[in-house]
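# Structural overview
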Amino acid sequence: MKRALTWRHLKALNQLYVDKRTDAKITDNGYITNVLMMQKRFLKFKSGNNKILEAAPKYFTFYGENFKQDFEQYAQFLQTANLEDDARRRYTEEDIRTLMFIAEQKEELVKNLTTIRTFSVNIFKGMGSKYLENKPGLKSAVCKILGIIDFPEKDPKNLQWRFVADCISPKAIVLCENLDRLKNPWKAREANLELWYVGGNNIGIIEFIDPDKLVLPTYYCCDWDFDGLSIYSRIKHKIKSKGHELNLLIPDAYDVSLPIDSPHHNSRWNFNTALSGLKHEDFSVEAIDLIKRLIQDDKWIEEESLDLIQLLQHSYQVP
C-alpha cells in the first residue's frame, strides 16, 4: 500500500518519532490506519484516550529507515524556500517533492515557461492538466519559487527540457524515462549518480548534448513495457551516434510486474510480431528473456517500483 501522505500526516509522524506521542488527528489516512496501526502495530491509541496516538518501540527504527531523511529534506526545503510549513498546508508528499524539483530546475523551467495546463501535465505527472488550477495554494507556491506573477497564455514553439539532478563527484549517469526519479534524488546522490530526465517526447534534446558530457558510464532506467523499451532503442542509437554506449538497467525481480491493463497504463504488447516489434540487437540475452516473459504473461514492470541502486548492482555490478 502506497503512503499517500500530506504534510499534516508527515509532521505528526515526526512528532511521534520525537515526542513518542501526538494528538494530531491522522487516522483519516489509510496507510497510517491500515499499515502502521493495524498491520505493523507501530502506533496505538493511548489507553483510555482515543484522541492521543502513541508510538510502539519498533516504530522508531521503522521511521528512521523509511521517513526521517525524507521529512528532514522536506522541512529544510519549505523553510529555505520561505513557504509556510505549518500543519494546515495541504501539500501532498508528491507536491513537496515536485516543489523541490521545480526549485532545483528553476532556470530550465523559466527558460521554457509553458501555460499552466502544460506545466501541470508535464511536471505534476499523473495529476492532470487542471491540477494546479484547482489548487491555488500550490500554484502560488510554484509561482513564488519560479519568481513569476503568472503563467503565459501560450506555450513556446519548441518545448524541450533537459533536467539534471547533479551530484558533486558522479561516477555514472542514469537517464530516466520518468520524471519522478529526479524528484527524490538524495539516495542517488549518496551513491554518486547523476540523474538526467530524457524520456517520451523529450528525447530530441539528446541531439544537442555535447559528446564531452557523455564520458561517464551511462545507463537507462525505464518502464518495461513496449513504449518504454522502444524509447530506449531510439535513445540508444542517438547516444551511439555520439560515440558513446547506453546500457539498459534490467529488473532483478519479477514479482513487481503488473497486468498490462493496469489503471492509467496505455502501452500494449504486439502479439503478432517477434518481440513485439522491438529490435533484438538492442537487447542482451537476459533482457530478451525478460521481455518474452512479460509478453507471454501480458504484464509490464513500472520503473518507479524498482530500486535504482539495486538495479545498477544487478545489471552491471556497480558498487
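Before reading further, recall that the structure is shown in the block above.
Okay, so let's go over this structure. These numbers come from a predicted model, not from an experiment. Positions within a chain are numbered from 1, following the residues in the order the chain's sequence is written. With pLDDT at 70 or above as the cut-off, local features in this predicted model cover only qualifying residues; side-chain atom pairs require 80 or more to be listed or tallied, and sums for whole chains, interfaces and linings still use all residues. Each side-chain value is worked out from all heavy atoms of the structure, with water and hydrogens disregarded.

## Digging into the overall build of the protein chain
The line we're drawing: The numbering of helices and of strands both runs from the N terminus, where a helix is a DSSP run of H or I of at least 4 residues and a strand a run of E of at least 2. What the globule rule says is 2.2 Å times the number of residues to the power 0.38, and the radius of gyration is computed from C-alpha atoms. By the convention used here, residues are in contact when the closest approach between their heavy atoms is within 4.5 Å. Surface accessibility follows the Shrake-Rupley procedure with a 1.4 Å probe radius. Residue values consider only the protein chains on display as shielding.
Within the protein chain, the secondary structure is distributed over 12 helices and 10 strands. Radius of gyration (C-alpha) of the protein chain: 21 Å, near the 20 Å computed for a compact globule of 319 residues. Each principal axis of the C-alpha atoms in the protein chain carries an extent, and together these give about 65 × 45 × 40 Å. At a minimum sequence separation of 6, the contacts of the protein chain that also span at least 24 residues come to 67%. Only carbon and sulfur atoms are counted for the fraction: they give 48% of the accessible area of the protein chain, which is about 16,800 Å².

## A few points about unusual backbone geometry
If a residue is not glycine, its phi is most likely negative; likewise, a peptide bond is most likely trans. The backbone of Arg-41 shows a phi angle near 60 degrees, a positive value even though the residue is not glycine. Following the sequence through the fold, Arg-41 ends up in the loop between α2 (30–39) and β2 (43–46). Although it is not a glycine, Asn-192 adopts a positive phi angle of roughly 60 degrees. Position of Asn-192 relative to the elements: it lies in the loop between α9 (186–190) and β6 (193–197).

## Regarding the sheet that holds strand β5 (residues 172–176)
For clarity, the threshold we go by: Paired strands are those between which DSSP finds at least two bridges. For every element, the axis is a line fit to its C-alpha atoms; helices are fit only across the contacting stretch, and the angle between N-to-C directions ranges from 0 to 180 degrees.
Strands sit in the order β4-β6-β5-β7-β8 across an open sheet of 5 strands; the sheet is mixed. What marks the edges here is a single partner per strand, and that holds for β4 (163–165) and β8 (246–248). Neighbour-to-neighbour, the strand axes of the sheet open up by a mean angle of 30 degrees, direction not taken into account.

## A look at the pattern of salt bridges
What counts here: By salt bridge we mean one thing: a side-chain nitrogen of Lys or Arg within 4 Å of a carboxyl oxygen of Asp or Glu. Per-residue accessibility, obtained with a 1.4 Å probe over protein chains only, is compared with the maximum for each type, and a residue is labelled buried under 20%, exposed over 50%, and partly exposed between these values.
Tallied over the entire structure, the rule returns 16 salt bridges. Across the pair Glu-94 and Arg-97 runs a salt bridge whose closest N-O atoms are separated by 2.9 Å. Taken together, the residues span about one helical turn, with Glu-94 and Arg-97 both in helix α5 (residues 93–104) at a distance of 3 residues. A relative accessible area of 18% places Arg-97 in the buried class. Lys-111 is paired through a salt bridge with Glu-108; the nearest N and O atoms lie 3.3 Å apart.

## Digging into the side chain of Thr-218
Here is the rule we go by: Here a polar contact means two N or O atoms within 3.5 Å. Within protein one must be a hydrogen donor candidate and the other an acceptor candidate, and residues neighboring in sequence count only if both atoms are side-chain atoms.
Here Thr-218 is to be found in strand β7 (residues 218–221). Reaching out from Thr-218, the side chain makes a polar contact with the side chain of His-244 at a distance of 2.9 Å. Beyond its immediate stretch of four places on either side in the chain, Thr-218 contacts Ile-173, Leu-175, His-244, Glu-245, Leu-246 and Asn-247.

## A short note on the packing of aromatic side chains
As a reminder of what qualifies: Only centres within 6.5 Å qualify two rings of Phe, Tyr or Trp (six-membered ring in Trp) as a pair; their planes then separate them into stacked at under 30 degrees, edge-to-face at over 60, and tilted for everything else. Lysine NZ or arginine CZ positioned within 6 Å of the ring centre and within 35 degrees of the ring normal marks a charge as sitting over the ring.
Per the counting criterion, the structure on display carries 16 aromatic pairs. Geometrically, the ring pair formed by Phe-62 and Phe-67 is tilted, given 6.1 Å between the ring centres and 55 degrees between the ring planes. Every member of this aromatic cluster is reached through a ring pair, and the members are Tyr-17, Tyr-31, Phe-42, Tyr-59, Phe-60, Phe-62, Tyr-63 and Phe-67. In this structure, Arg-3 is placed above the aromatic ring of Phe-67, and the distance from its NZ or CZ to the ring centre is 4.1 Å. Directly above the ring of Tyr-254 sits Arg-293, whose terminal nitrogen or CZ lies 3.6 Å from the centroid.

## A word on the environment of Ile-148
The topology assignment puts Ile-148 in the loop between α8 (136–146) and β4. For the pair Ile-148 and Val-110, spaced 38 residues apart in the sequence, the C-alpha separation amounts to 8.7 Å. When neighbours within four sequence positions are excluded, Ile-148 is seen to be in contact with Leu-113 and Cys-143.

## What to know about helix α11 (residues 285–297)
Each turn of an α-helix holds 3.6 residues, which means side chains three or four residues apart point in the same direction. Rules: How far a helix is expected to stretch is found by multiplying one less than its residue total by 1.5 Å. The directions considered for the arc run from the helix axis to the C-beta atoms.
With 13 residues, α11 should cover 18 Å at 1.5 Å per step; its first-to-last C-alpha distance of 18 Å lies within 8% of that length. Every buried residue of α11 is listed here: Ala-287, Ile-288, Leu-290, Ile-291, Leu-294 and Ile-295. The buried residues of α11 occupy an angular sector of 165 degrees when the element is viewed end-on, so they sit on one face. In α11, those exposed residues whose orientation departs by more than 90 degrees from the buried face are Val-285 and Gln-296. Against α10 (226–240) and β10 (299–300) lie the buried residues of α11. Phi turns positive one or two residues past the end of α11, at Asp-298, with a value near 55 degrees.

## Observations concerning the sheet that holds strand β3 (residues 49–55)
Note: strands within a sheet are paired through backbone hydrogen bonds, in either parallel or antiparallel orientation. Spatially, the 3 strands line up as an open sheet ordered β1-β3-β2, and their pairing is antiparallel. Two strands lie at the open edges of the sheet, namely β1 (21–22) and β2, each paired on one side alone. Here 2 bridges tie β1 to β3, and the two strands are oriented antiparallel to one another. In the sheet register, Thr-22 faces β3, and the bridge partner there is Leu-53. Strands β2 and β3 of the sheet are contacted by α2, whose axis makes an angle of about 95 degrees with β2.

Note that all results are geometric; they support no functional claim without further evidence.
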